Amino acid sequence: MSYQLYRNTTLGNTLQESLDELIQYGQITPGLAFKVLLQFDKSINNALNQRVKARVTFKAGKLNTYRFCDNVWTLMLNDVEFREVHEFVKVDKVKIVACDGKSEF
């Protein structure tokens with residue numbers, strides 16, 4: 001089983017809304033919609049693992065809260081600076097959810 005974090009993205013929400021419509025009109029079963037979502041989870045996790053090569057570093061002024069549960073880190077940071085090679089962004093607050101991309105469930 002893959003992480004379901006990306007279901008709450010624009011792409012994931014749009015997919016779920018489309019599947020709900022197809023179920024409502026009787027064009028697919030709820031079971032098939034569930035299988036599509038599982039495949040989405042696997043595919044998006046695999047694509048991000050294999051295709052994204054960019055690295056970003058960050059430095060926080062304050063670690064507000066942190067949590068480690070079910071092999072997932074959640075960090076709430078304040079006054080954060082993000083840096084890529086030629087770019088710099090500063091934000092007041094950020095929530096980072098980090099999962100082990102190498103583990104298999």
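In the nomenclature of an unreviewed UniProt entry, the protein chain is known as Transcription initiation factor IIA subunit 2 of Drosophila pseudoobscura pseudoobscura. Heading Function (unreviewed entry) of the UniProt record for the protein chain holds this comment: "TFIIA is a component of the transcription machinery of RNA polymerase II and plays an important role in transcriptional activation."

## Here's the deal with the environment of L11
Among the structural elements, L11 can be located in helix 1 (residues 10-24). Judged by its relative accessible area of 54%, L11 is exposed. Between the alpha carbons of L11 and Q50 there is a distance of 19 Å; along the sequence they are 39 residues apart. Apart from residues lying up to four places away in sequence, L11 is in contact with F40 and I44.

## Focus on the state of the cysteines
By the definition in use, this model includes zero disulfides. C69 forms no disulfide, and the closest cysteine sulfur to it belongs to C99, at a distance of 11 Å. Judged by relative accessible area, which is 26%, C99 ranks as partly exposed.

Definitions and cut-offs
- Residues numbered from 1 in each chain as written.
- Predicted model: local features only at pLDDT ≥ 70, side-chain atom pairs only at ≥ 80, totals over all residues.
- Heavy atoms only, no water.
- UniProt positions renumbered as here; feature names shortened; annotations may be inferred.
- Helix = DSSP H or I, 4+ residues; strand = E, 2+ residues; numbered from the N terminus.
- Buried < 20%, exposed > 50% of the residue type's maximum accessible area, 1.4 Å probe, protein only.
- Contact = heavy atoms within 4.5 Å.
- Disulfide = S-S within 2.5 Å.

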